[in-house]
Amino acid sequence: MSVFDLRNVRVRSGEEHREGVDVAVAPIVLGGERYVAVPEEIPSELAVTRASTGWVFTLRLGVRLHGPCMRCLADAVVDQALDLREYHATSPDSDELTTPYLTDDRLDLSTWARDSLVLALPDKILCRLDCAGLCPVCGKDLNLEPHEHGRAEPDPRWAALEDLKGRLTNR
């Protein structure tokens, strides 16, 4: 877990403190599948600005996430550039003016980066944009072995509907 201690920052209102930090990003589980940041400790740039009414935090990092493709289960890689910003008021009137990542002058960089990464991920993590997935009949990877199965015999319980369909389309 990467934490930045604000007690070590000596800035006045309007001044900024910049520092290179390594942010540890814990594995993410989506749909029962595990996605891991490589490397686990990501070089990042943190900027802490003292405003007249509080603190402004900026974190920039690039994350490479590895895990299974959601269609074919092959290895998928997602590169995500994050440019994050949070504000924390010195005397907040409401919870909207505080950040949940700051507790006792300690900024939790790992949780902040992980939460933001999860929100920035695409809907489907794929090995490639045109991933064909797995065959629903035999389970083979359609990217490696594109194939089709012959038409399956219809269930005899649907025969009456098939007969009705035939009569209606022949009119």
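Before reading further, recall that the structure is shown in the block above.
Now for a description of the structure that goes with this document. Quantities reported herein were computed from a predicted structural model and do not represent experimental measurements.

Procedures and definitions
- Residues numbered from 1 in each chain as written.
- Predicted model: local features only at pLDDT ≥ 70, side-chain atom pairs only at ≥ 80, totals over all residues.
- Heavy atoms only, no water.
- Helix = DSSP H or I, 4+ residues; strand = E, 2+ residues; numbered from the N terminus.
- Buried < 20%, exposed > 50% of the residue type's maximum accessible area, 1.4 Å probe, protein only.
- Lys, Arg positive; Asp, Glu negative; His and termini not counted.
- Salt bridge = Lys/Arg side-chain N within 4 Å of Asp/Glu carboxyl O.
- Polar contact = N/O pair within 3.5 Å; in protein donor to acceptor, adjacent residues only side chain to side chain.
- Contact = heavy atoms within 4.5 Å.
- Core = buried A, V, L, I, M, F, W, Y, C linked by side-chain atoms within 4.5 Å.
- Phe/Tyr/Trp six-rings, centres within 6.5 Å; stacked < 30°, edge-to-face > 60°.
- Pairing = 2+ DSSP bridges.
- Axes fitted to C-alpha atoms, helices over the stretch in contact; angles between N-to-C directions.

**Comments concerning the side chain of aspartate 108**
Argument step 1. Considering the arrangement of structural elements, one finds aspartate 108 in strand 9 (residues 106-108).
Argument step 2. The charged side chain of aspartate 108 is buried without a salt bridge, its nearest counter-charge being arginine 106 at 8.6 Å.
Argument step 3. There is a polar contact of 2.6 Å between the side chain of aspartate 108 and the side chain of threonine 111.
Argument step 4. Contacts of aspartate 108, omitting those with residues within four sequence positions, involve Met1, Ser2 and Tyr101.

**What to know about the nonpolar core**
Soluble globular proteins tend to pack their nonpolar side chains together in the buried interior.
Argument step 1. Phe4, Leu46, Leu59, Leu107, Leu109 and Trp112 are the most contacted members of the largest nonpolar core, which totals 36 residues.
Argument step 2. Elements supplying a minimum of two residues to this core: strand 2 (16-24), strand 4 (33-37), strand 5 (41-51), strand 6 (54-68), strand 7 (75-89) and helix 1 (109-120).
Argument step 3. At six residues, the largest contribution of residues to this core is made by strand 6.
Argument step 4. Aside from chain neighbours lying at most four places away, what touches leucine 109 is Ser2, Val3, Phe4, Val21, Val23, Leu46 and Leu59.

**Focus: the packing of aromatic side chains**
Argument step 1. Scanning the entire structure with this criterion turns up two aromatic pairs.
Argument step 2. Where tryptophan 55 meets phenylalanine 57, the ring centres are 6.3 Å apart and the plane angle is 10°; that geometry is what we call stacked.
Argument step 3. Taking relative accessible area as the criterion, tryptophan 55 reaches 13% and is therefore assigned buried.
Argument step 4. Since its relative accessible area comes to 0%, phenylalanine 57 is described here as buried.
Argument step 5. Seen from their ring centres, tyrosine 101 and tryptophan 112 are 6.2 Å apart, and the 20° between their planes marks the pair as stacked. Pair noted here: tyrosine 101 is in the loop between strand 7 and strand 8 (102-103) and tryptophan 112 is in helix 1, with a separation of eleven residues, a long-range link.
Argument step 6. The exposure class of tyrosine 101 is buried, given its relative accessible area of 12%.

**Description of unusual backbone geometry**
Argument step 1. With omega at -5°, the peptide bond leading from valine 38 into proline 39 counts as cis.
Argument step 2. Mapped onto the elements of the fold, proline 39 is located in the loop between strand 4 and strand 5.
Argument step 3. In this model, aspartate 104 sits at a positive phi of 55°, which is unusual for a non-glycine residue.
Argument step 4. Turning to its location among the elements, aspartate 104 is positioned in the loop between strand 8 and strand 9.
Argument step 5. At aspartate 105, a position not held by glycine, the phi torsion is positive, near 60°.
Argument step 6. For aspartate 105, the location among the structural elements is in the loop between strand 8 and strand 9.
Argument step 7. Using a relative accessible area of 38% as the deciding quantity, one classes aspartate 105 as partly exposed.

**A look at the sheet that holds strand 8**
Argument step 1. Sheet architecture is open: three strands sit in the order 1-9-8, paired in antiparallel fashion. Unpaired on one side and paired on the other, strand 1 (3-5) and strand 8 mark the two borders of the sheet.
Argument step 2. Note: strand 1 against strand 9, three bridges, orientation antiparallel. Residue pairing for strand 9: valine 3 is matched across the bridge by aspartate 108.
Argument step 3. In the packing of helix 1 onto the sheet, contacts are made with strand 1 and strand 9, and the angle to strand 9 comes to roughly 30°.

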